[in-house]
Structure formats: C-alpha cells, structure tokens
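Spelled out, the chains give:
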Amino acid sequence: MKNNKGLIYTALVIVGLFLVNFIASKVYQRFDLTKDSRYTLSETSKSLINNLDSPLIIDVFLEGDFPSEFRLLQTEVKQIIDEFQLEANQIFINYINPIEDETTRKRNIEELSNSGLEPYINTDNSTGKVTQEIIFPWAFASYKDKTVKIPLLKRSITQGLQEQITNSIQTLEYAFADGFSKIVNPKAKKIAILKGNGELSDAYIADFLKMMQPYYNIAPFTLDSVATNPQSTLDKLNQYDLIVAAKPSVAFSENEKLVLDQYTMNGGKSLWLTESVIMDKDSLYNDASTGVSIMRDLKLNDFFFKYGIRINPSLVKDLYSAPIMLAIGEGSNAQLQPIQWQYSPLAASNPKHPITKNLSLVKYDFTSPMDTLKNGVKKTILLQSSPRSKLEGTPKQISLDNVTEIIDETTFNEGPQNLAVLLEGEFTSVYDKRVLPFNTKDYKSKSTITKMVIISDGDVIKNEVVRNKPQQLGFDELTGKAFGNKEFLLNTVNYLLDDTGLINIRTKEISIPYLDSEKIKGTKGKWQLINIALPLVLLGLFGFAFNYYRKKKYT
C-alpha cells in the first residue's frame, strides 16, 4: 500500500512538472523589477518596430575587452537590444570588434572614421603606466536601402568618463529609437527656412540642414512676395509645420510681420535665432582686430513683446566662456594659444526639460539677454549664462587685444542671463486691436495651442566654413572642443514638431551605482589583504585545528 502511494505521488509530480513546462512554453512574460524600469521599452519605441516588413540589421562596434566603465555601457547596450529583439522578430544583431584583427585594424579604423564614427581614445594611468586604447562606441542600423549611425556614447567636454557613461546609459533607448525613426518612418512634417531678410546663407547652416533632412522635408521660403501678394504668401506659409529664422539682419516690414503673426495664430511653430546687437567675431579677425557693437533694429520688438519676450540691446559677458585662438608673441615666435573670451558664453541647460536634459554646454557668440514678460503664454527657460555674468551696453568698442587685459572678476556679478526661451500656449496677435497693414481673410486675434522657441544669438546655428566647405556645427577645429549646439537644435525642432513621442524618452531617469574611486585608492591595501591573505590564514587555522582534532581523537 505504501509503495502504491509513493508511485502515485511520483506520477503526480511528473505530470505537474510536465504541465508547468507546457504552460510556460505557451505563455511567456517578462517582469522588469528594477526600480527605474530601465529595461521597459516605451510605447513610442515599440510602435517604431512593431510594423517592420523587412529585416532591421544592427551592427554594434562596442565589442572587446574594455575598462569597467565601458564594460557597463557594453552590457547595457546588449540589454536594450535584447529588449528590442524580444519586441520584434525582424531585428538582427551583429557584434563586431573592428580592432581585433591586427592585419585589418588600421584599415577598419580609417574606414569607420571616414564614415563619421569618431573613435574614443581611452587613456588609463591607474596602474602608474599610461596606456591608450581605441574604442568605437557606435552602431549602424540598416533597414531596406537606408543606413543610419547611432552614437552609444554621449560625449561632453565638461564631464568625466563616468558621468558620460551614465548619461549615455540613460539615453540608450532614445539613441536607438531615434535611429530607427530615421530609417523606418516616412518624412511627413515640413520645415520652412526663411529667406529674404538677410538670414544666414545655406553654407553657414549646412550642418543644421543635413541634421534635419533624415527627419523632415525642408525647403527655403522667401518673404519677398509679401510686398506684392501678402495673402498668397500667408496661404503658402501655412502649409509648413515650422519656420526657422536663422540670424536675420534686415528689418521686417509690417506686412511681413502680419504674415508671420497669422502663421502663428493658425498654429504654426517657430524657431527664432535673432540678435539685437550687431557684432561678429569674423569682423574682428578681418578689421584690424577691432569692432564696435551697435544696436540692430529688426522691427521685431513689438512682435516678441506681445508674445511675452524682450531681447535687450546689450551683450552678455561671462567668466565661464569658450576660448578664442590668438597668436601670442612677436614675429616668427608667435604661437596660437587658446585664450578665454568672455563674449562667448557657455550656456548651461535646464535639466528638467526634455529639450535640454543631459545636454552639453551650448556655445554662444555675442549674445543678448532676454526678459520674460507676464501674459497667458507659458515660458520655460532653456539656456542661461553662468551666475558669473556681466552686461555690457552699446555702442562699445571691442578689440581682440582685450583678452590680454586683467579682468576684474568682481564686476561679473549680474547673475545668470536668459539666452533661450520656450513659449507654449495660446498666443495673442501682435495686431490685436490695431489697424492691419493689409486686409487678410480669416484674421485671428487668438492662436490655437502652439509653440515657439526664441534664441538670442544667431551664431548658435552657424557652422564655420573653411575653404568653401561647411564644418561640423558646434565643433571648434582649433581647440578640438565639441559643444552641445547641434543636439540642442535637434532636440528643439523635435520638441516643436514632436509627433512620435521620441522626445519624451529623453526624460527617462536611470540610476547607475558606481564605486567611489577615491575611496578605492585609499583602502586598496586593506581589501587586498582581506581578499588574498585572510583566506590563506583561515585555511591554515582550519588545517591546524583539523590535524589537532585527529591526533587527539585517534592517538
């Protein structure tokens, strides 16, 4: 009887295990138990890959034996890709170490560098011996006939490697989702680049245009036709989702302002990069190292004032600024050296807004401060100068020789100045209760809900041009420093035209615990003793006690 009960119990256990395995094979569920839900993809990311009708191939070059920080990034990259693969069976992954083979290493480095994948040179002197290794924190994503590069490391000139890795891990989902969006989603939104009022030529905004092209349809739009047919111009402008005014230098007429105003009233989005002071660093290099800053009246004061912004006709000087390269010395002994240039503030970002979250410093040149005015429009400060700022009125003679003068730092006490502002909400027309400069059909005094960003320096969007070749936006060739201008403008346009929710992925917070490197150095000897010597001592004591016990028991 007892044997029968045992057999029945064993059979029930076997049948139960079979049922559990059968159900588990049919029902699959993953649980993200992390506090910050770091392994849970957003609905936006899922929607991008749920309708793939061809293989999406990802080539990751972050492969090899790396320092601990990069090993952490490597692990997180593989984890986020696994999440994408579990969501869509059309995603295939290749992990490639481009420098593993000695015979092809040099060629691979050249090819990847020529493709725009800038390597990271990691310098390690923790052991007392300086070593350098090349790391490619990049990936390629290919879908049908399109390929896009995906940066896996968010570089910063002001942060250490550990902070850069942390920021990179926080934005990994965004980096991949952003790349997938470029090659999977068809372009739908339209951007108008305003022309006709002395805006920057295409050569000086080439890198911005190149950056925008994978996302949006872009076309120049001139306001010249306003003089002859303003209504037709307005009708055509309303077909665009966003207008970009890149450093206009010629005043706007009342007819042009009404067209732009009614564009906003109809829900159009705007990105303004404008200035109230005439001064340019190029003129200092070309005009005997001296220039005079004077007011620039674009006739837009009432325009922005009505919307809730005032751009003041003064210049911001900041102790926390970018350097300028100058020849120091006499004759053949002169050498180019980086000298701090207080007219080039490095603007700090608002860490609470998705446009500027985890953003590197943005470089300005001869920028003006902005005041926000009370009205019904919501205003968010995106960028500010440092607290060690100073305002300088106009007119003012400015010379490159000023960099050699002793600076009185106590005068830089006017606090942070607003340099970029986001406006959101229902706008009131500039021409509300005023005589219209021309009769327009369907005039609106109140807008639908819309957005506008105003940046008080057109140079934020300007790339350098060397030998008729546009350079990378936000990258200083002479000093080798990269700034956050490019990412800031991309995020701004994405936010203004966001129809995929990609910008919201940037707000994801991930907590990355690190060991305290300074504490490790201070207690290194103690822990080496504990981990190496202590086990040997304990083993010796155990052996001595065991032999003593045997002798006492059996002798």
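Everything in this summary refers to the structure shown in the same document. (Residues numbered from 1 in each chain as written. Predicted model: local features only at pLDDT ≥ 70, side-chain atom pairs only at ≥ 80, totals over all residues. Heavy atoms only, no water.)

## Examining the pattern of salt bridges
Counted under the stated rule, the structure contains 21 salt bridges. Put simply, Glu102 and Arg105 hold a salt bridge, and the shortest N to O gap is 3.3 Å. Using a relative accessible area of 30% as the deciding quantity, one classes Arg105 as partly exposed. Between Asp207 and Lys486 there is a salt bridge, and its shortest N-O distance comes to 3.1 Å. Of this pair, Asp207 sits in helix H7 (residues 206–212) while Lys486 sits in helix H12 (residues 485–496), and the two are 279 residues apart along the sequence. Classification of Asp207 as buried rests on a relative accessible area of 10%. Here the salt bridges share partners, and the residues they tie into one network are Glu254, Lys257, Asp302 and Arg434. (Salt bridge = Lys/Arg side-chain N within 4 Å of Asp/Glu carboxyl O. Buried < 20%, exposed > 50% of the residue type's maximum accessible area, 1.4 Å probe, protein only. Helix = DSSP H or I, 4+ residues; strand = E, 2+ residues; numbered from the N terminus.)

## Examining a nonpolar patch on the surface
On the surface, a nonpolar cluster with roughly 560 Å² of combined accessible area is contributed by Trp527, Ile530, Leu534, Val537, Leu538 and Leu541. Structurally, Trp527 can be placed in helix H15 (residues 524–554). For Trp527, a relative accessible area of 44% corresponds to the partly exposed category. (Patch = residues over 30% accessible without salt bridge, like charges linked within 9 Å, V, L, I, M, F, W, Y side chains within 5 Å. Areas by Shrake-Rupley, 256 points an atom, 1.4 Å probe, with all protein chains shown as cover.)

## Considerations on helix H5 (residues 161–170)
Among the 10 residues of H5, eight are classified as buried, and the element is accordingly described as predominantly covered. Along H5, the residues that are buried comprise Leu161, Gln164, Ile165, Thr166, Asn167, Ser168, Ile169 and Gln170.

## Thoughts on unusual backbone geometry
Looking along the chain, the bond that leaves Thr394 and enters Pro395 is cis, with omega of -5 degrees. Here the phi dihedral of Lys299 falls at roughly 60 degrees; this positive angle occurs in a residue that is not glycine. As for its placement among the helices and strands, Lys299 is situated in the loop between strand E12 (290–295) and helix H11 (301–307). On the accessibility criterion, Lys299 (43% relative accessible area) is partly exposed.

## Regarding the environment of Gln159
Looking at the element boundaries, Gln159 is found in the loop between strand E6 (146–151) and H5. The exposure class assigned to Gln159 is partly exposed, which follows from its relative accessible area of 27%. Measuring from C-alpha to C-alpha, the distance between Gln159 and Ser360 comes to 8.9 Å, with 201 residues separating the pair along the chain. Not counting residues within four places of it along the chain, the set of residues in contact with Gln159 comprises Gln164 and Asn167. (Contact = heavy atoms within 4.5 Å.)

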